[in-house]
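Notes for the structure review
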Amino acid sequence: MENHLTINPILRFAGLALFAALLVVCALAVPCSAQDNYEIQVYEAETVAPRSTMVEIHSNFTVEGSKTVQDGMLPTNHAEHETLEITQGINDWAEVGFYLFTSIQPGDGWQWVGDHIRPRVRVPERWHWPVGLSLSTEIGYQRPAFSPDTWTWEIRPIIDKKIGPWYLAFNPALDRSWHGPSVNQGVTFSPNAKFSYDFTRKIAGGLEYYASYGSLTGFDALRDQQQQFFPAIDVDFGPQWEFNFGVGVGATRSTDHLIVKCIIGRRFSWPHGGGAKLRDLQP
């Protein structure tokens, strides 16, 4: 106990310094848009446990969106986006995620959109930092019919904190297009945030915010920014499950006006031993 009392102030200072350094490094090292309608989620700092796999389905339906082809992109109105996310825990501070993006367009059927890969590292809990802190980097391809920027890279610092029944998370993401019209924008700033309150032991509700402000060298005019607000709920069906549901409203003309999203996730664990079979996580 005495050692913790001595080390904790140092760790607190180091944590804040590292977080600030990550933002500076990202801005300098990574010469897009907000989190799009394929995976609408504010990340938490916790990673998937080692020898465990998280399988998630992101279902997002655009109730009211764009109705014409814009910059070669198909309209989003009444489009259903289904994303498969598979995340494998490596150890107690690292994971790797893979995304398969698909879209169901009215009259055009089910189509493949693209794939991304996302390694992520975090500060381990055994360090006893006052906040959760992790860093995600995501790179991938999406077809021109669904995104004019076909190759993109995102660096996402993640900071969160649980205070009694309250949960707070902030993802100040930085995006870079490597192929497409946004290349000349350089690095764009896409902050996401979430706060929620535990109404019961099983149900939490709150507000999620998603945005894309434009280039770091000069934000877009407000009407050209993307900004969405999602009242959302999280339901605890057990430690092996994840469930999130929300209805999003676009606050600018450049944002789809109304979106319904749902995330369903299932965790599995891999026991020790090369011949062991996949089993469910136990409560």
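Quick caveat: nothing in here was measured; it's all calculated off a predicted structure.

A few points about the overall build of the protein
Regarding its fold elements, the protein presents 1 helix and 15 strands. Across the 283 residues that make up the protein, the buried fraction comes to 45%. Per element, the accessible surface of the protein, about 14,400 Å² overall, is 66% carbon and sulfur.

Examining the pattern of salt bridges
One pass over the full model with this rule turns up 11 salt bridges. Ionic pairing is found between R120 and E95, a salt bridge with its closest N-O pair at 3.1 Å. Of the two residues, R120 sits in strand β4 (residues 109-122) while E95 sits in strand β3 (residues 94-105), which places them 25 residues apart along the sequence. Here R120 and E95 have matching classes, each one buried. The shortest N-O distance in the salt bridge between E154 and R156 comes to 2.9 Å. Classification of E154 by relative accessible area gives buried; the value is 11%. Through salt bridges with shared partners, a single network forms among E85, E95, R118 and R120.

A short note on the packing of aromatic side chains
Summed over all chains, the structure comprises 15 aromatic pairs. Ring centres of W127 and W129 lie 5.9 Å apart, and the angle between their planes is 50°; this geometry places the pair in the tilted category. For W127, a relative accessible area of 39% gives the class partly exposed. W129 sits in the buried class, given a relative accessible area of 14%. Seen in terms of ring centroids, Y210 and F230 are 5.5 Å apart; in terms of plane orientation they differ by 90°. Their pairing is edge-to-face.

Remarks on the side chain of S134
Within the secondary structure layout, S134 lies in strand β5 (residues 132-142). Look at S134 and you get buried, because its relative accessible area is 3%. Within the structure, S134 has its side chain in polar contact with the backbone oxygen of A45 (distance 3.4 Å). Not counting residues up to four positions away in its chain, the partners in contact with S134 are E44, A45, R120, V121, R122, R156, P157 and I158.

So, a nonpolar patch on the surface
On the surface, I90, V96, F98, I117, I139, W151 and W178 cluster together into a nonpolar patch covering about 640 Å² of accessible area. Checked against the element boundaries, I139 lands in strand β5.

Thoughts on the nonpolar core
Residues Y38, Y43, A45, Y99, F101, V113, F146 and I158 constitute the largest nonpolar core, which totals 8 residues. Excluding residues within four positions of it along the chain, Y99 makes contact with E39, Y43, T83, L84, E85, G114, D115, H116, R118 and E138. Core analysis: the next-biggest nonpolar cluster, separate from the first, contains 7 residues, V42, Y167, A169 and I259 among them.

A short note on the environment of E39
Relative to the assigned elements, E39 resides in the loop between α1 (2-29) and β1 (52-64). Since its relative accessible area comes to 4%, E39 is described here as buried. Separated by 21 residues in the primary sequence, E39 and N60 have C-alpha atoms spaced 7.9 Å apart. In this structure E39 touches H58, N60, E85 and Y99, once residues within four positions along its chain are discounted. Of note is the side chain of E39, whose polar atom sits 3.0 Å from the side chain of Y43. Within the structure, the side chain of E39 is placed 3.3 Å from the side chain of Y99, a separation counted as a polar contact.

Things to note about the confidence of the model for the protein
A residue-level look at the protein finds 82% of positions with pLDDT of 70 or above and a mean pLDDT of 86. When the criterion is pLDDT under 50, residues 1-7 qualifies, and its contacts beyond four places in sequence or with other chains add up to 1 contact. Counting interchain partners and residues more than four positions distant, the pLDDT-below-50 stretch residues 9-35 has 55 contacts.

What about the pairing of strand β9 (residues 203-212)?
Of all 10 residues making up β9, 7 are buried, and the element is well covered by its neighbours. Sheet topology note: the strand β8 (residues 187-198)/β9 ladder contains 7 bridges and is antiparallel. Across the sheet, Y197 pairs through a bridge with G205, a residue of β9. The turn linking β8 back onto β9 is made up of 4 residues. As defined by bridge partners, β9 adjoins strand β12 (residues 226-235) across 10 bridges and the pair is classed as antiparallel. Pairing of Y210 across the sheet is with Q228, part of β12.

Here is what the cut-offs are and how they apply
- Residues numbered from 1 in each chain as written.
- Predicted model: local features only at pLDDT ≥ 70, side-chain atom pairs only at ≥ 80, totals over all residues.
- Heavy atoms only, no water.
- Helix = DSSP H or I, 4+ residues; strand = E, 2+ residues; numbered from the N terminus.
- Buried < 20%, exposed > 50% of the residue type's maximum accessible area, 1.4 Å probe, protein only.
- Areas by Shrake-Rupley, 256 points an atom, 1.4 Å probe, with all protein chains shown as cover.
- Salt bridge = Lys/Arg side-chain N within 4 Å of Asp/Glu carboxyl O.
- Phe/Tyr/Trp six-rings, centres within 6.5 Å; stacked < 30°, edge-to-face > 60°.
- Polar contact = N/O pair within 3.5 Å; in protein donor to acceptor, adjacent residues only side chain to side chain.
- Contact = heavy atoms within 4.5 Å.
- Patch = residues over 30% accessible without salt bridge, like charges linked within 9 Å, V, L, I, M, F, W, Y side chains within 5 Å.
- Core = buried A, V, L, I, M, F, W, Y, C linked by side-chain atoms within 4.5 Å.
- pLDDT = per-residue confidence, 0-100.
- Pairing = 2+ DSSP bridges.

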